[in-house]
Amino acid sequence: MRTDGGHPPRDRGPGLSPEIDGRTEDHVINKKGIGEKPMPLLVEGETNMHTDFWESFWQRIDEKRLMEYAERKEQADPILETLKSRKAQTVCDAGCGCGAYVRRLAQQGFTVKGFDVSGRAVEIAEDLLEKSGLTAELRAASVLKTGYPDNEFDAVVCRDVLDHIPKEEAKQAVRELCRITKPGGIILLTLDGLDEEYQKEPHTVTEEGDYQFTEGKWKGMVFHPYSAEETAEFGETAKAFYVESLQEGLLVRLEL
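Residues numbered from 1 in each chain as written. Predicted model: local features only at pLDDT ≥ 70, side-chain atom pairs only at ≥ 80, totals over all residues. Heavy atoms only, no water.

**Some words on the nonpolar core**
- Within the largest apolar cluster, 29 residues are counted, with the highest numbers of intra-cluster contacts made by Val-143, Val-156, Leu-162, Leu-177, Ile-187, Leu-189 and Phe-234.
- At the level of secondary structure, the elements contributing two or more residues to this core comprise strand S3 (90–94), strand S6 (153–159), helix H6 (167–179), strand S7 (181–192) and strand S12 (249–255).
- Once residues within four sequence positions are removed from consideration, Ile-187 is found in contact with Val-156, Leu-177, Cys-178, Thr-181, Val-252, Arg-253, Leu-254 and Leu-256.
- Residues Ile-79, Ala-88, Val-91 and Val-102 belong to the second largest nonpolar core, which totals 24 residues. (Core = buried A, V, L, I, M, F, W, Y, C linked by side-chain atoms within 4.5 Å. Buried < 20%, exposed > 50% of the residue type's maximum accessible area, 1.4 Å probe, protein only. Helix = DSSP H or I, 4+ residues; strand = E, 2+ residues; numbered from the N terminus. Contact = heavy atoms within 4.5 Å.)

Pasting the structure below:
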């Protein structure tokens, strides 16, 4: 289980939701307010599989505790350390959830864009940034179809997202993240580890090894427990591929 907030991950945080922890517009937030312009970005058919669960999840969030969660003290952050060592400037947070990590990236001086499949999550993230006096550009979009131009970012961060879509879609998602990353750039992925809580919730397992939760607090959620060896499939198009075991799961680094 992740030590920074429990399941489901992606900046959920303890107590953000009372039980468990498709919008199609591009949102831009700055200190003066929020502007909106239409931009359909969700993949047809994906809404029923993924968006419904996450949209419902974010409707339950306890926003009163969000700032407390976002301001929590962190131990050493290997993602930030890597971004700084690579001298990245433009960073995409792919699957930004409530925006806590977008906030941290912006505080560190990166130019940040981000997206989440849940329109409600994007609204929450925008509000968090506005209250923090920070600037970022956020949108509701699918990790399979981000809507960004080719070679847009120096780096892409994708924290506990690919393990919450079916494995076949995760491989498609990596190709999309590679597309929006500049040559010579880097993609950093974290994948949650399998623990007792995942195993105890009612679920079925597909031939690909995807856990599909059928009842209880995670009904409708997908989780794929990756081994370090299995993540090598993500690095097929990368110039260099590295995987590191963390306390809460895996950190995968793709250098393009």
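**Comments concerning the state of the cysteines**
- For the structure on display, the rule yields zero disulfides.
- As a non-bridged cysteine, Cys-98 has Cys-96 as the owner of its nearest cysteine sulfur, 8.4 Å distant.
- With no disulfide of its own, Cys-158 has Cys-92 as its nearest cysteine by sulfur position, at a separation of 8.5 Å.
- Judged by its relative accessible area of 1%, Cys-158 falls in the buried class. (Disulfide = S-S within 2.5 Å.)

**Topic: the pairing of S12**
- Most of S12 is tucked away: six of the seven residues are buried.
- Examined bridge by bridge, S7 and S12 share seven bridges and lie antiparallel to one another. What sits directly across from Ile-187, in S12, is Leu-254.
- In terms of strand pairing, strand S11 (residues 240–246) meets S12 through seven bridges, oriented antiparallel. The partner of Leu-246 across the bridge, within S12, is Gly-249.
- In this antiparallel pair of consecutive strands, S11 and S12, the connection spans two residues. (Pairing = 2+ DSSP bridges.)

**As for the side chain of Arg-120**
- Inspection of the secondary structure assignment puts Arg-120 in helix H5 (residues 119–132).
- A polar contact is formed between the side chain of Arg-120 and the side chain of Glu-123, at a distance of 3.1 Å.
- If we skip the residues at most four places from it in the chain, Arg-120 touches Glu-55, Trp-58, Gln-59 and Glu-63. (Polar contact = N/O pair within 3.5 Å; in protein donor to acceptor, adjacent residues only side chain to side chain.)

**Concerning the packing of aromatic side chains**
- Using the criterion set out here, one finds 13 aromatic pairs in the structure.
- With a centroid separation of 6.3 Å and 35° between ring planes, the pair formed by Tyr-198 and Phe-213 is classed as tilted. Highlighted residues: Tyr-198 in helix H7 (residues 196–200) and Phe-213 in strand S9 (residues 211–213), separated in sequence by 15 residues. A single burial state applies to Tyr-198 and to Phe-213, both of which are buried. (Phe/Tyr/Trp six-rings, centres within 6.5 Å; stacked < 30°, edge-to-face > 60°.)

**Let's talk about the pattern of salt bridges**
- Within this structure, the stated rule accounts for 15 salt bridges.
- Arg-104 is the partner of Asp-77 in a salt bridge, and the nearest nitrogen-oxygen pair spans 3.5 Å. With Asp-77 in the loop between helix H2 (66–70) and helix H3 (78–85) and Arg-104 in helix H4 (residues 100–107), this residue pair connects regions lying 27 residues apart in the sequence.
- Asp-77 sits in the buried class, given a relative accessible area of 13%. (Salt bridge = Lys/Arg side-chain N within 4 Å of Asp/Glu carboxyl O.)

**A few points about the sheet that holds strand S10 (residues 222–223)**
- Pairing is antiparallel in the open sheet, where three strands are placed in the order S8-S9-S10. Only two strands of the sheet have a single neighbouring strand rather than two, namely strand S8 (203–205) and S10.

**Re the packing of H4 against H5**
- The contact between H4 and H5 brings their axes to 9 Å, and the two run at 35°. The handedness of the crossing between H4 and H5 comes out as right-handed. Residues Ala-100, Val-102 and Arg-103 of H4 form the contact with H5, whose participating residues are Leu-128, Leu-129 and Ser-132.
- Residues of the contact of H4 with H5, tallied by class, amount to four nonpolar, one polar and one charged. (Axes fitted to C-alpha atoms, helices over the stretch in contact; angles between N-to-C directions. Left-handed = near helix turned anticlockwise from the far one by under 90°. Nonpolar A, V, L, I, M, F, W, Y, C, P; charged D, E, K, R; others polar.)

**Considering H4**
- With respect to burial, H4 is a largely interior element, seven of its eight residues being buried.
- All of the buried residues in H4 are Ala-100, Tyr-101, Val-102, Arg-103, Arg-104, Leu-105 and Ala-106.
- Gly-109, located one to two residues past H4, shows a positive phi value of around 95°.

**Focus on the confidence of the model for the chain**
- Per-residue pLDDT for the chain has a mean of 83; in total, 80% of the residues score no lower than 70.
- This model gives residues 1–7 a pLDDT under 50, and the stretch forms 28 contacts once residues within four places in sequence are excluded.
- The model gives residues 12–47 a pLDDT under 50, and that stretch makes 111 contacts with residues more than four places away or in other chains. (pLDDT = per-residue confidence, 0-100.)

**A few points about the environment of Glu-63**
- In this fold, Glu-63 is placed in the loop between helix H1 (46–59) and H2.
- Residue classification places Glu-63 among the partly exposed positions, given a relative accessible area of 35%.
- With residues near it in sequence (within four places) discarded, Glu-63 still touches Arg-120, Ile-124 and Asp-127.

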